2 protein chains.
Amino acid sequence: MLKTETLTRIKWDANGLIAAIVQDANTQQVLMMAYMNTEALQKTLEISETVFWSRSRSELWHKGATSGNTQKVREIRIDCDADTLLILVEPAGPACHTGEVSCFYRTLSEFESE
Amino acid sequence: MLKTETLTRIKWDANGLIAAIVQDANTQQVLMMAYMNTEALQKTLEISETVFWSRSRSELWHKGATSGNTQKVREIRIDCDADTLLILVEPAGPACHTGEVSCFYRTLSEFESE
């Protein structure tokens, strides 16, 4: 658990969220980006698996709770201005709901051609 | 330049921005995260160096224009729901204004101990 003083030093956005980049600790592949509120971050620290705040469903989202594709947290880093997290994980399966290993499975050119 | 139709398919946020994660194409290190509007993204494609939208200064920000620490763009990827970019770059110098290679130079534990 983070101290309250630490939580106040993190630069949450206007919606009380912080962006969290998820990177595979072994392959270094960037897997996804999602958002955390204080509760999601504390829960992530507590269970050592990623827990986000789902902006679409407005609820805590324990990644992989239903799919089994959890992400074991190896390290959490924070950037210079304390408004973005980098979470290094060992994924139990694909990060993307499409079944792709990473949500970044397309180049911008491929996206344009779709 | 991206086609207008492609620009409308990108999920810009309420402020007309998209988050852009910057990763070193060679070392795979995540260097920073910043934001782009349509103009920043088109300029990035035009000059093959990262150009962001500075939220604090409300102006286009050609990374490294003054410091020399430009980032040559090797590839731009977009995620499944088209609301985050992953930019693979060859950096000419440190990404962080502190002089660190990456803005994510601290663990969350180190941040808490500061």
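Above this note sits the structure.
The structure displayed is predicted, hence computed values, not measured ones.

Calculation criteria
- Residues numbered from 1 in each chain as written.
- Chains lettered and ligands numbered in written order.
- Predicted model: local features only at pLDDT ≥ 70, side-chain atom pairs only at ≥ 80, totals over all residues.
- Helix = DSSP H or I, 4+ residues; strand = E, 2+ residues; numbered from the N terminus.
- Rg over C-alpha atoms; globule rule 2.2 N^0.38 Å.
- Buried ≥ 20, exposed ≤ 12 C-beta atoms within 10 Å, placed from the backbone.
- Contact = placed C-beta atoms within 7 Å.
- Nonpolar A, V, L, I, M, F, W, Y, C, P; charged D, E, K, R; others polar.
- Pairing = 2+ DSSP bridges.
- Least-squares fit on C-alpha atoms with pLDDT ≥ 70 in both.
- Core = buried A, V, L, I, M, F, W, Y, C linked by C-beta atoms within 7 Å.

Visitor: Could you give me a rundown of the overall build of chain A, with the residues and numbers involved?
Guide: From N to C terminus, chain A includes three helices and seven strands. Counting from the amino terminus, chain A carries its helices and strands in the arrangement α-β-β-α-β-β-β-β-β-α. For 114 residues, the compact-globule formula gives about 13 Å, and the C-alpha radius of gyration of chain A, at 14 Å, lands near that figure. The dimensions of chain A, computed from C-alpha atoms along their principal axes, are 45 × 30 × 30 Å. Sorting the 114 residues of chain A into buried and exposed places 32% on the buried side. A fraction of 43% describes how many contacts in chain A between residues 6 or more apart in sequence connect residues 24 or more apart.

Visitor: How would you explain the interface of chain A and chain B if you had to name every residue and give the values?
Guide: With 29 residues of chain A in contact, the opposing surface of chain B contributes 29 residues. Listing elements by their share of the side of chain A that touches chain B, those giving two or more residues are strand S1 (18-24), strand S2 (30-36), strand S5 (71-78), strand S6 (84-91), strand S7 (106-107) and helix H3 (108-113) of chain A. At four residues, S5(A) tops the list of elements feeding residues into the side of chain A that touches chain B. Of the residues belonging to the side of chain A that touches chain B, the class tally is 16 nonpolar, seven polar and six charged. Relative to strand S5 (residues 71-78) of chain B, S7(A) runs antiparallel, the two sharing two bridges. Each residue of the ladder has a partner; that of A:Thr107, found in S5(B), is B:Arg77.

Visitor: Now, about the relation of the copies chain A and chain B: what can you tell me, with residues and values included?
Guide: Of the two same-sequence chains, chain A is brought onto chain B (RMSD 0.0 Å, axial shift 0.0 Å) by a rotation of 180°. Considering both components of the superposition, the chain copies are consistent with a two-fold axis. Closest to the rotation axis within chain A is the C-alpha of A:Gln28, separated from it by 3.0 Å. An overlap of 100% is found between the interface residues of chain A and their copies at the interface of chain B, pointing to a shared contact surface.

Visitor: Kindly report on the sheet that holds S5(A), identifying the contributing residues and their values.
Guide: Overall, mixed pairing links the five strands, which are arranged S2(A)-S1(A)-S6(A)-S5(A)-S7(B) in an open sheet. At either margin of the open sheet sits one strand with a lone partner, and together these are S2 of chain A together with strand S7 (106-107) of chain B.

Visitor: Pulling in residues and values, what's your account of the sheet that holds strand S2 (residues 30-36) of chain B?
Guide: Across the sheet, five strands lie side by side as S7(A)-S5(B)-S6(B)-S1(B)-S2(B); this open sheet has mixed pairing. Here the strands that pair on one side only, and so sit at the sheet edges, are S7 of chain A together with S2 of chain B. Note: strand S1 (residues 18-24) of chain B against strand S6 (residues 84-91) of chain B, six bridges, orientation parallel. Its bridge partner lying in S6(B), B:Gln23 is registered against B:Leu88.

Visitor: Explain the nonpolar core to me, using residue names and the numbers behind them.
Guide: Grouped together as the largest cluster of nonpolar side chains are 52 residues, with contacts concentrated most on A:Ala20, A:Ile21, B:Ala20 and B:Ile21. Not counting chain neighbours up to four residues away, the residues in contact with A:Ala20 comprise A:Met33, A:Ala34, A:Tyr35, A:Met36, A:Phe52, A:Leu85 and A:Ile87.

Visitor: Describe the pairing of S2(A), naming the residues involved and giving the relevant values.
Guide: Residues and elements named next belong to chain A. S2 sits mainly inside the fold: six of its seven residues count as buried. Looking at chain direction, S1 and S2 are connected through six bridges and run antiparallel. Looking at the pairing, Ala 19 lines up with Tyr 35 of S2. In this antiparallel pair of consecutive strands, S1 and S2, the connection spans five residues, and Gln 28 shows a positive phi of 70°.

Visitor: Before we move on, can you summarise unusual backbone geometry with the specific residues and values?
Guide: Residue and element names in this part refer to chain B. With a phi close to 55°, Ser 48 is a non-glycine residue in the positive phi region. The phi angle at Ala 82 is positive, at roughly 55°, despite the residue not being glycine. With respect to the helices and strands, the residue Ala 82 is situated in the loop between S5 and S6. Overall, Ala 82 belongs to the partly exposed group, with 16 C-beta atoms counted inside 10 Å.

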